[in-house]
Each structure stands twice: as structure tokens, then as C-alpha cells.
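Residue strings, one per chain:
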Amino acid sequence: MGTSKLDEIDRKILAELQADGRMTNVELAKRVGISAPPCLRRVRTLEEAGYIRGYHADVNPRELGFEVQVFAMVRLHSQAEADLSAFEARCRAWPLVRECHMLNGEIDFVLKCAAPDLSTFQNFLTGELTAADNVASVKTSLVIRCAKDEPGVPFDVLEERLAKLA
């Protein structure tokens, strides 16, 4: 079910759920202009097709005592697929690593890390990340503040693009 197979109602459902994943099916159906039973069927189909990967609460890390956010730029000695996969598996096992993205270019991975304090992150950095197999170098940047944190995709851009193609 590629983007071309999504109709306008499917895209509206995705946009509404991305903005508020807690709304009831009845409210969602009203917002997208269809009745509740077909709306629920569409949501289930979108879930099964992988367009909807899950639902979650947007928790405030600072309210939970996670005062430190750091981006770590990691360069590896080897970029062989087996080594890349091994590093990705390692990142999935580290609780402080909240996001791991493989990049093209000088840096192999960027990691978004959350820690309760600087000493906890420093212990992770020196005891685990830089000590991990195949890690050549790590450069870190401490987040001072976040100006924007928008999850998902910009549906208005998608709709503009589809309108130009039509």
C-alpha cells in the first residue's frame, strides 16, 4: 500500500491520528467525514500495512528527571554490513540511546541520548560507547534547548505534492 494507494480519507486518518492518537474512533470518523465502522476498518488496514507503527504518550523527559540530552556522532573503523548491524544491535540494547540513525558521509551514526545527569552520560560515554567494538571516534553535543520537536511527517507537504502530481 504505497502512498499512491492511499486515498484522501486514509491520509486524513493518518494526519488526525498523528496529531492526536488518543481520540476515539467516533471522533476520528467525524473529523474525516465517514461513519465509525468503515473508519475503524481503515485504521486496522493502515495498522496492518505498517503505516501506523504504534501509539505512545509524549512524556516530558525533564519532568521525569532526565535533565541531559546529547547527540553523539559516531565514526566506526569498519563499515562492513556485519559491523554496521552489530553496532545497531548494540545501540538498541543501550537504554540511554533513544534514537540511532545511520548517516551518509563523514559520520556513520548519530545517536540521541537521554540521561538523568551529566555524570551518568559521561559514564556511558567512556565506559560503554567509546569502549564498544569498532568505534573509532565519538563527538558529542549537549542539547541546550529544543526549539522544535515534531514527530511524524508533514501531511500538508504531502497533500501539496500530490495535488501537483494530479
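Residues numbered from 1 in each chain as written. Predicted model: local features only at pLDDT ≥ 70, side-chain atom pairs only at ≥ 80, totals over all residues. Heavy atoms only, no water.

### Thoughts on the sheet that holds strand β1 (residues 68–76)
The four strands lie next to each other as β2-β3-β1-β4, forming an open sheet whose pairing is antiparallel. One side of each edge strand has no neighbouring strand; the edge strands of this open sheet are β2 (97–102) and β4 (135–142). In this sheet, neighbouring strand axes are inclined to one another by 20° on average, regardless of whether the strands run parallel or antiparallel. Of the pairings in the sheet, the one linking β2 to strand β3 (residues 109–115) comprises five bridges and is antiparallel in character. (Pairing = 2+ DSSP bridges. Helix = DSSP H or I, 4+ residues; strand = E, 2+ residues; numbered from the N terminus. Axes fitted to C-alpha atoms, helices over the stretch in contact; angles between N-to-C directions.)

### With respect to helix α2 (residues 25–32)
If you check which residues of α2 are buried, you get Leu 28, Ala 29 and Val 32. Buried residues of α2 fall within an arc of 100° about the axis and therefore sit on the same side. Exposed residues pointing more than 90 degrees away from the buried face of α2 are listed as Val 26 and Lys 30. Lining the buried residues of α2 we find α1 (8–19) and α3 (36–48). Gly 33 sits one or two positions beyond α2 and adopts a positive phi of about 85°. (Buried < 20%, exposed > 50% of the residue type's maximum accessible area, 1.4 Å probe, protein only. Arc of directions from axis to C-beta. Contact = heavy atoms within 4.5 Å.)

### Here we look at the UniProt feature "domain: HTH asnC-type" (unreviewed entry) in the protein
UniProt records the feature "domain: HTH asnC-type" (unreviewed entry) for residues 6–67 in the present numbering. Structurally, residues 6–67 is divided into 53% helix and 0% strand, and its ends, taken at the C-alpha atoms, are 41 Å apart. (UniProt positions renumbered as here; feature names shortened; annotations may be inferred.)

### Details of the domain arrangement of the protein
When the parts come together, some accessible area is lost, and that loss is often what is quoted as the size of the interface. Looking at the assigned domains, one finds that the protein contains domain 1 (1–58) and domain 2 (62–142). A C-alpha centroid distance of 34 Å is found between domain 1 and domain 2. (Domains from an automatic or database assignment.)

### Focus on the layout of surface pockets
Here the idea is plain: a probe the size of a water molecule rolls over the atoms and shows the empty space left. Taken as a whole, the largest pocket spans an internal volume of roughly 1900 Å³. In terms of lining residues, the largest pocket is bounded by 44 residues, among which His 56, Asp 58, Glu 150, Pro 151 and Gly 152 are the most central. It is α1 that provides the largest number of residues to the lining of the largest pocket, a total of four residues. Of the residues belonging to the lining of the largest pocket, the class tally is 23 nonpolar, nine polar and twelve charged. Looking at the lining of the largest pocket, you find at least three residues from each of domain 1 (1–58) and domain 2 (62–142). (1 Å grid on protein atoms, 1.4 Å probe; cavity = no way out; pocket = protein on both sides within 12 Å on 5 of 7 lines; lining within 4 Å. Points joined across faces, edges and corners; volume = space filled by probe spheres on them. Nonpolar A, V, L, I, M, F, W, Y, C, P; charged D, E, K, R; others polar.)

### Observations concerning the side chain of Asp 10
Within the element layout of this structure, Asp 10 appears in helix α1. Classification of Asp 10 as buried rests on a relative accessible area of 7%. Only 2.9 Å separates the side chain of Asp 10 from the side chain of Arg 42, close enough to count as a polar contact. (Polar contact = N/O pair within 3.5 Å; in protein donor to acceptor, adjacent residues only side chain to side chain.)

### A few points about a nonpolar patch on the surface
Taken together, the side chains of Val 59, Leu 64 and Phe 66 define a hydrophobic patch exposed on the protein surface, amounting to about 290 Å² of accessible area. Residue placement: Phe 66 occurs in the loop between α3 and β1. (Patch = residues over 30% accessible without salt bridge, like charges linked within 9 Å, V, L, I, M, F, W, Y side chains within 5 Å. Areas by Shrake-Rupley, 256 points an atom, 1.4 Å probe, with all protein chains shown as cover. Salt bridge = Lys/Arg side-chain N within 4 Å of Asp/Glu carboxyl O.)

### Concerning the packing of α1 against α2
When two helices pack together, their arrangement is captured by the angle between the axes and the distance separating the axes. At their nearest, the axes of α1 and α2 sit 10 Å apart, and the two run at 130° to each other. Classified by the angle their axes make, α1 and α2 are oblique. In this structure, α1 crosses over α2, and the sense of that crossing is right-handed. Together, Ile 9, Lys 12, Ile 13, Glu 16 and Leu 17 of α1 and Leu 28, Arg 31 and Val 32 of α2 make up the contact between the two elements. Looking at the contact of α1 with α2 residue by residue, the class counts come to five nonpolar, no polar and three charged. (Parallel < 35°, antiparallel > 145°, perpendicular 65-115°, else oblique. Left-handed = near helix turned anticlockwise from the far one by under 90°.)

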